[in-house]
Amino acid sequence: MQTLTQSVPDRTTGGILIENLRKVYGQGDTAVEALKNVNMAVSPGEVVGLVGPSGSGKSTLLKCLGAIIEPTSGRMTLGQDVIYDNGWKVRDLRALRRDRIGFVFQAPYLIPFLDVMDNVALLPMLAGKANAQSRVRALELLTALDVQHRAKAQPSQLSGGEQQRVSIARALANRPPVILADEPTAPLDSERALGVMRILNQMAKQAQTAIIVVTHDEKIIPTFKRIYHIRDGQTVEEAGEGRSLD
Ligand SMILES: Nc1ncnc2c1ncn2[C@@H]1O[C@H](COP(=O)(O)OP(=O)(O)O)[C@@H](O)[C@H]1O
Ligand SMILES: [Mg+2]
């Protein structure tokens, strides 16, 4: 049994739990220890910040948690399920990524030959939802994000802010219990950046989603109630300002 650091509460009710996570890229002389000892806990309904300098391991951590790359050791729990414990504990990692994790990236990777509606409806369709039902869900999200009037547009016709809002709608489409956002507000002005944070906080509250936002955006850092600082592959928890978004 691995011991938790003091700052990591025991959470058995869901959300995200990361314990003693380590990731080494490469081997021998060229090995890079990107994550040394990461401990994090995010409750359902909570939005936490993950802040650290370039090269500190932020993207590596999100990729491990998102089952895009394999950690070297440690443990990760999503909801009630241990997904990794010194090895993957889930057989179908593609289904895990598709059904349980929503990704928001700095550059919104929208599919260029699908219109906005289909970009958002695609994931629910792939997960087996009926087309009509998927489109209703997509329209509901586009409306919540105030881009419903762009539903028939191609991604290339959208502004940066609109593209980012569409990519958030897509991340939410399958109602994943976990959302991982890597610098989601970097290309946005202050008002839009805070708008994105407002949406993520509403989503967390309404759907009891656990959300991690990687950022060094000074505009949004004061909005977090809790922040994990990552330096040289190790995390330290800190209380944030939790500034109101209303
Ligand atoms: N595929 C890779 N192969 C080898 N080293 C990598 C790879 N990806 C990242 N690294 C190294 O791991 C460390 C953490 O990188 P990264 O997680 O991208 O940091 P951040 O997102 O905080 O900037 C850095 O030293 C980086 O050079
Ligand atoms: Mg990064």
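Rules used in this analysis
- Residues numbered from 1 in each chain as written.
- Chains lettered and ligands numbered in written order.
- Predicted model: local features only at pLDDT ≥ 70, side-chain atom pairs only at ≥ 80, totals over all residues.
- Heavy atoms only, no water.
- Salt bridge = Lys/Arg side-chain N within 4 Å of Asp/Glu carboxyl O.
- Buried < 20%, exposed > 50% of the residue type's maximum accessible area, 1.4 Å probe, protein only.
- Near = heavy atom within 4 Å.
- Polar contact = N/O pair within 3.5 Å; in protein donor to acceptor, adjacent residues only side chain to side chain.
- Areas by Shrake-Rupley, 256 points an atom, 1.4 Å probe, with all protein chains shown as cover.
- Helix = DSSP H or I, 4+ residues; strand = E, 2+ residues; numbered from the N terminus.
- Nonpolar A, V, L, I, M, F, W, Y, C, P; charged D, E, K, R; others polar.
- Core = buried A, V, L, I, M, F, W, Y, C linked by side-chain atoms within 4.5 Å.
- Contact = heavy atoms within 4.5 Å.

## Here we look at the pattern of salt bridges
Phase 1: By the definition in use, this model includes eleven salt bridges.
Phase 2: A salt bridge links K219 to D217; its shortest N-O distance comes to 3.2 Å.
Phase 3: Judged by its relative accessible area of 30%, K219 falls in the partly exposed class.
Phase 4: What makes D217 buried here is its relative accessible area of 9%.
Phase 5: Note that E241 and R243 form a salt bridge whose closest N and O atoms lie 3.1 Å from each other.
Phase 6: What makes E241 exposed here is its relative accessible area of 58%.
Phase 7: On the accessibility criterion, R243 (49% relative accessible area) is partly exposed.
Phase 8: One salt-bridge network, held together by shared partners, links E46, R226 and E237.

## Some thoughts on the site of ligand 1
Phase 1: Around ligand 1 lies a shell formed by Y25, V32, A34, P53, S54, G55, S56, G57, K58, S59 and T60.
Phase 2: S59 places a main-chain nitrogen or oxygen 2.9 Å from an oxygen atom of ligand 1.
Phase 3: Burial of ligand 1 by the protein amounts to 58% of the accessible area it has alone, namely 560 Å².
Phase 4: Sorting the residues of the shell around ligand 1 by element identifies strand 2 (32-42) and helix 1 (58-65) as the ones contributing at least two each.
Phase 5: Per element, the largest residue contribution to the shell around ligand 1 is three residues, and it comes from helix 1.
Phase 6: The residue inventory of the shell around ligand 1, partitioned by class, reads four nonpolar, six polar and one charged.

## Here we look at the nonpolar core
Phase 1: Counting 39 residues, the largest nonpolar core has V120, L142, V166, I168 and V213 as its most contacted members.
Phase 2: Counting residues per element, the ones that place at least two in this core are strand 3 (47-51), helix 3 (116-126), helix 4 (131-144), helix 5 (160-172), strand 7 (178-182), helix 6 (190-207) and strand 8 (210-214).
Phase 3: At seven residues, helix 6 tops the list of elements feeding residues into this core.
Phase 4: Once residues lying within four places of it in the same chain are set aside, the contact partners of V120 are A138, L141, L142, V166, A169, R170 and A173.
Phase 5: Counting residues in hydrophobic clusters, the runner-up holds 31 residues, among them L21, M76, V214 and Y228.

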